[in-house]
Amino acid sequence: MSALVGIITEKCPKCGKGKVFSSKGNPLLFRMPRMNEHCPVCNHKFEKEPGYFFGSMFVSYAVTVGEMIVFFLLAHFFVKEIVTMIVLIGILSVLLSTFNFRLSRMIWIYLLDGKNRQL
Ligand SMILES: [Zn+2]
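For clarity, every value in this text was computed on a predicted model and none was experimentally measured.

### Regarding the coordination of the zinc ion
Reasoning step 1: Bound to the zinc ion on the protein side are C12 (SG), C15 (SG), C39 (SG) and C42 (SG), at distances that span 2.2 to 2.4 Å.
Reasoning step 2: Coordination at the zinc ion is tetrahedral: its four donor atoms span angles of 108 to 113° at the metal.
Reasoning step 3: Between consecutive donor residues of the zinc ion, the sequence gaps follow C-x2-C-x23-C-x2-C. A residue pair is termed long-range when its members are at least 10 positions apart, and C12 in the loop between helix 1 (3-9) and strand 1 (21-23) and C39 in the loop between strand 2 (34-35) and helix 2 (56-75) qualify at 27 residues. Here C12 matches C39 in class, with each residue buried.

Following this line, the structure appears as C-alpha cells:
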C-alpha cells in the first residue's frame, strides 16, 4: 500500500489496516476528530511522546492556505466583492477544519513514522 493511499484512507503507517481515527469529528457540531492511542490491529502507538503532533500544525497551515488559494482562484470568476470573498473563505476553512486536522496528522504520521517514507 502506498503512503498516499494510507494517508487518504487514514490507516496505520505500520500495518496499513488499523484505523488511526476512531471518530471523524464534525465542525457544525463542534466535535473534533478522536485518535486511537494505539493501532487496533498491530498495537502501534501513534503519539510517540507529548507534543508529537505539534509539527502537524505547520502541515495544517500549508494545507489550509493551499485550499484557500484554490478556492479563491475558482471563486473569483463569480464573486467580485473582496468582503464576500473573505467571508466565503472563512466559512470554507471552518467547514474543512476537521478534514484538515485529520489530513495534517496523517501526513505528519507518514512523514515521521511511515515504513515507506515516499509520499
Ligand atoms: Zn497498525
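### A few points about the confidence of the model for the protein chain
Reasoning step 1: When the pLDDT values of the protein chain are averaged, the result is 91; 95% of them are 70 or greater.
Reasoning step 2: Across the protein chain, the element-wise mean pLDDT spans from 92 in helix 1 up to 96 in helix 2.

### Digging into the packing of helix 2 against helix 3 (residues 82-95)
Reasoning step 1: One way to put it is that helix 2 packs onto helix 3 with a least axis distance of 10 Å and a crossing angle of 135°. Taken together, helix 2 and helix 3 sit at an angle that is classed as oblique. Handedness of the crossing formed by helix 2 with helix 3: right-handed. For the pair helix 2 and helix 3, the contacting residues are T64, E67, M68, F71, F72 and A75 in the first and M85, L88, I89, L92 and S93 in the second.

### Some details on unusual backbone geometry
Reasoning step 1: Non-glycine residue E10 carries a positive phi angle of around 60°.
Reasoning step 2: Within the element layout of this structure, E10 appears in the loop between helix 1 and strand 1.
Reasoning step 3: With phi around 65°, N43 is a residue other than glycine that occupies positive phi space.
Reasoning step 4: Position of N43 relative to the elements: it lies in the loop between strand 2 and helix 2.

### Here we look at the packing of helix 2 against helix 4 (residues 97-113)
Reasoning step 1: Close contact between helix 2 and helix 4 brings their axes to 8 Å; oriented N to C, the two are set at 125°. Between helix 2 and helix 4, the angle is such that the two are oblique. Taken as a pair, helix 2 and helix 4 cross one another with a handedness that is right-handed. When helix 2 is examined against helix 4, the residues S56, V59, S60, V63, T64 and E67 are found in contact with a partner set consisting of F99, N100, L103, S104, R105, I107 and W108.

About the thresholds
The numbering scheme is per chain: residues are counted from 1 as the chain's sequence reads. Note on the predicted model: pLDDT of at least 70 is required for a residue's local features to be given, and 80 or more for side-chain atom pairs to be given and counted; whole-chain, interface and lining totals, by contrast, use all residues. The side-chain numbers reported here are obtained from all heavy atoms of the structure, hydrogens and water having been left aside. Donors, by definition, are the N, O and S atoms found within 2.8 Å of a metal, the threshold being 3.2 Å for Na, K and Ca, and water is not counted, so a site can look incomplete. Square planar and octahedral assignments, for four and six donors respectively, both demand that opposite donors be over 155 degrees apart and that all other angles lie between 65 and 115; tetrahedral needs four donors with all angles between 85 and 135 degrees, and anything else is irregular. Under the DSSP-based scheme used, a helix requires at least four consecutive residues in state H or I and a strand at least two consecutive residues in state E, with every element numbered from the N terminus. Burial classification: accessible surface area is computed with a 1.4 Å probe over protein chains only, and a residue below 20% of its type maximum counts as buried, one above 50% as exposed, and the rest as partly exposed. Confidence per residue, as judged by the predictor, is encoded in pLDDT with a range of 0 to 100. Axis definition: a line fitted to C-alpha atoms, limited for helices to the stretch in contact. Angles are taken between N-to-C directions and run from 0 to 180 degrees. Orientation categories follow fixed angle ranges, with anything under 35 degrees roughly parallel, anything over 145 roughly antiparallel, 65 to 115 roughly perpendicular, and all other angles oblique. By convention the crossing between two helices is left-handed if the near helix lies anticlockwise of the far one by an angle smaller than a right angle, and right-handed if it lies clockwise. We call two residues in contact when some of their heavy atoms are within 4.5 Å.

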